[in-house]
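Listed here are the chains, written in short residue letters.
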Amino acid sequence: MNIKRFTAPTSREALAKARMAFGDGTLILSNRPTANGVEVVATAEDTLSALDGGGSAGNTSSAPLLAPSSPRNAQPARASSLASQAALAGLGRNPVEEDTEQLAMSTLSFQDYVRERMLRRRHEALHGAAEAPTLSERSRDQEPERERDRERMPAPAAAVARHNPLRTIPMDIPPEPPRRRQEAASAHLIQSNNQQSLMNELHSMKELIEDRFNTLAWLGQARQNPIQSNLMLKMIRAGYSPSLARAVLERMPEELSAAESVRWLMEVLERNLKTDQAEPPLYEQGGIFAMVGSTGVGKTTTTAKLAAMCARIHGPGSVGLITLDTYRVGAHEQLRTYGRMLGIVAHLAHDRAALQDLLGLLSGKKMVLIDTTGVAPRDPRKRDMLDVLDLPHVNRLLVLNAGCHGDTLDDVLTAFKTDGSQQAILSKVDEAVKLGPAIDALIRHQMVLRGVTNGQRVPEDWERANAQQLISTSMRAPAKSAFDPKATDLNFFFSHSPDTITEGGLVDA
């Protein structure tokens, strides 16, 4: 009988050594932990086949050896085997399979199993297969004797898991995941995602086709009306966005003449440009105002102009100046120079606590102006600067450069937008070639224009916001530019629907 003992630090390595020695048909007889790791006793399937063949061929010679195996349990075994033979014949199961399922074998039980199998084969050869007793019956009969033997034996130091040599237990190898179930679930999920993405693409394609046909139909109607077509081209050349131009001109009455259409368009734009003409100006109204905006839009100069206008009416003692600009070189000195010219002291606040202290110190002033650091719309410091200004009674005035592109103004307005009243000051109007982009952005974002600056002089270049004057200036025909579209290029300007303006009710036509 070719039985070998393998020792390794882990069960996996011991099994690997056994398989290298006996191949795929390796039978594990026992395994137990040792001081150096794990000890595995294994043999090959050929050894079991040889034992079976030897038992059937040498029945006469093996009988004396097998006879004394269970002299005390022979009668109970025969009695219990008669009761189980009928059940085995009815179920049609293999006795070996039933025995291996009910009994996990150790080294001693394996020897009993081999002896019992040889005895069964000899019994089947003598009396037939139906009368062969099963191993489970014999093991039940021998159970009292084994219990007495276990009681007489000393208790083992550590319990060792019993191993069935006819089963392949992977020891410490993790069980395989249910791949088929996972693959089916993933396939179903992928299929549903593909269907959803296909439906989304179909919906977007439908919306694109409808929008394009609506645009072509509107452009065809606009070409049939030369007044509407000319006004649309004039608005786009003045710098207004195609969405605002279409939203306004779609509401223009058809029975108007050319002059009446121009007046109607100007009135609509004036009504939609919100200003503070019905209210007192900033320097007469008073309060706490903080100038915010991008870098280089003229916040410090605008602060000096408002301080000069308020000091001219109410006196220098009615104005307070605070600067938060500690980043730009010479920013504090610039505001301090303006304050020295006006007879006003300019204070410096480094953080929110210092700003609160200064506001409490200047609480008796008619007007307190705060100059802030210029930051880009996507600058991470913008959030910190706005948090410093998040104080009671502090109003933010967004300073916009009138010469910027419309997309840039949209980005600035979106980044600095706050809750409540939205107020803005339009600076550097004298440098802007077209006022259309700035007015268009103010109309679409519903900002209240509180003033206009058109130069560097303090305070002469400050003006109140006049909607009629600004709209008239924006609609005047500027010099020809390479960026002006032609009448044949209008199709490219109306590829998207202006639903964001018409649905929100932003156009008062």
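Draft legend 1. Spatial organisation of the overall build of the protein. In terms of regular secondary structure, the protein is built from 22 helices and 12 strands. Residues classed as buried in the protein amount to 43% of the 509 residues present. A fraction of 75% describes how many contacts in the protein between residues 6 or more apart in sequence connect residues 24 or more apart. Entry remark: accessible area of the protein is about 28400 Å², with carbon and sulfur atoms responsible for 53%.

Draft legend 2. Representation of the packing of helix α10 (residues 226–237) against helix α12 (residues 258–272). Packing of α10 against α12 brings their axes to within 10 Å, and their N-to-C directions diverge by 40 degrees. The pairing of α10 with α12 is recorded here as oblique in orientation. Regarding α10 and α12, the two cross each other, and that crossing is right-handed. In contact with Ile227, Leu231 and Met235 of α10, α12 contributes Ala258, Ser261, Val262, Leu265 and Leu269.

Draft legend 3. Spotlight on the packing of aromatic side chains. For the coordinates displayed, the defined rule picks out one aromatic pair. Plain terms: the ring middles of phenylalanine 6 and phenylalanine 22 are 6.1 Å apart, the flat faces sit at 90 degrees to each other, and that makes the pair edge-to-face. Remark: phenylalanine 22 occurs in helix α1 (residues 11–22) and phenylalanine 6 occurs in strand β1 (residues 3–8); sequence separation between them is 16 residues. Each member of the pair phenylalanine 6 and phenylalanine 22 is classed as buried. For lysine 382, the ring lying beneath its charged end belongs to phenylalanine 416, and the centroid distance is 6.0 Å.

Draft legend 4. Up close: a nonpolar patch on the surface. Residues Leu198, Met199 and Leu202 make up a contiguous nonpolar surface patch of about 280 Å² in total accessible area. On the secondary structure map, leucine 202 appears in helix α9 (residues 179–224).

Draft legend 5. Spatial organisation of the sheet that holds strand β3 (residues 37–44). The antiparallel open sheet is built from three strands, whose spatial order is β1-β3-β2. With partners counted over all chains shown, the strands left at the sheet margins are β1 and β2 (26–34), one partner each. On average, each strand axis in the sheet is tilted by 20 degrees relative to the strand beside it, whichever way the strands run. Both β2 and β3 contribute to a ladder of eight bridges, which runs antiparallel. Considered in β3, the bridge of leucine 27 is made with threonine 43. Sheet strands touched by α1: β1, β2 and β3. Its angle to β1, the strand with the most contacts, is close to 145 degrees.

Draft legend 6. Structural view of the pattern of salt bridges. Under the defined criterion, the tally for this structure stands at 12 salt bridges. The salt bridge involving aspartate 379 is made with arginine 381; its shortest N-O contact spans 3.0 Å. Residue arginine 381 is classed as partly exposed on the basis of its relative accessible area of 32%. Several salt bridges share partner residues, and in doing so they unite Arg5, Arg32 and Glu39 into one network.

Draft legend 7. View of the pairing of strand β8 (residues 367–371). Most of β8 sits inside the fold, with five of its five residues counted as buried. Burial of β8 is two-sided: the residues Met367, Leu369 and Asp371 facing one way and the residues Val368 and Ile370 facing the other way are all buried. Note that strand β5 (residues 287–292) and β8 share five bridges and pair parallel. Bridging from a neighbouring strand, phenylalanine 289 pairs with leucine 369 of β8.

Draft legend 8. Geometry of unusual backbone geometry. Here valine 458 and proline 459 are connected by a cis peptide whose omega angle stands at 0 degrees. Among the secondary structure elements, proline 459 is positioned in the loop between β11 (448–453) and β12 (462–463). Notably, histidine 393 is not glycine yet its phi reads approximately 70 degrees, a positive angle. Relative to the helices and strands, histidine 393 is located in the loop between α17 (381–388) and β9 (394–401). Judged by its relative accessible area of 69%, histidine 393 is exposed. At glutamine 446, a position not held by glycine, the phi torsion is positive, near 55 degrees. Residue classification places glutamine 446 among the partly exposed residues on the basis of a relative accessible area of 24%.

Draft legend 9. Representation of helix α18 (residues 406–415). Taken residue by residue, α18 has Gly406, Leu409, Asp410, Val412, Leu413 and Ala415 as its buried positions. Residues of α18 that are buried sit in contact with α17, β9 and α19 (436–444).

Draft legend 10. Region of interest: the packing of α18 against α19. The interhelical angle for the contact between α18 and α19, taken along N-to-C directions, is 35 degrees, at an axis separation of 9 Å. Handedness of the crossing formed by α18 with α19: right-handed. Judged by residue contacts, Gly406, Leu409, Asp410 and Leu413 of α18 engage Pro437, Ala438, Ala441 and Arg444 from α19. Within the contact of α18 with α19, the residues separate by chemical class into five nonpolar, one polar and two charged.

Draft legend 11. Spatial organisation of the environment of proline 253. Relative to the assigned elements, proline 253 resides in the loop between α11 (242–249) and α12. Here the alpha-carbon distance between proline 253 and tryptophan 264, two residues 11 residues apart in the chain, equals 9.1 Å.

Criteria and cut-off values
- Residues numbered from 1 in each chain as written.
- Predicted model: local features only at pLDDT ≥ 70, side-chain atom pairs only at ≥ 80, totals over all residues.
- Heavy atoms only, no water.
- Helix = DSSP H or I, 4+ residues; strand = E, 2+ residues; numbered from the N terminus.
- Buried < 20%, exposed > 50% of the residue type's maximum accessible area, 1.4 Å probe, protein only.
- Contact = heavy atoms within 4.5 Å.
- Areas by Shrake-Rupley, 256 points an atom, 1.4 Å probe, with all protein chains shown as cover.
- Axes fitted to C-alpha atoms, helices over the stretch in contact; angles between N-to-C directions.
- Parallel < 35°, antiparallel > 145°, perpendicular 65-115°, else oblique.
- Left-handed = near helix turned anticlockwise from the far one by under 90°.
- Phe/Tyr/Trp six-rings, centres within 6.5 Å; stacked < 30°, edge-to-face > 60°.
- Lys NZ or Arg CZ within 6 Å of the ring centre and 35° of its normal.
- Patch = residues over 30% accessible without salt bridge, like charges linked within 9 Å, V, L, I, M, F, W, Y side chains within 5 Å.
- Salt bridge = Lys/Arg side-chain N within 4 Å of Asp/Glu carboxyl O.
- Pairing = 2+ DSSP bridges.
- Nonpolar A, V, L, I, M, F, W, Y, C, P; charged D, E, K, R; others polar.

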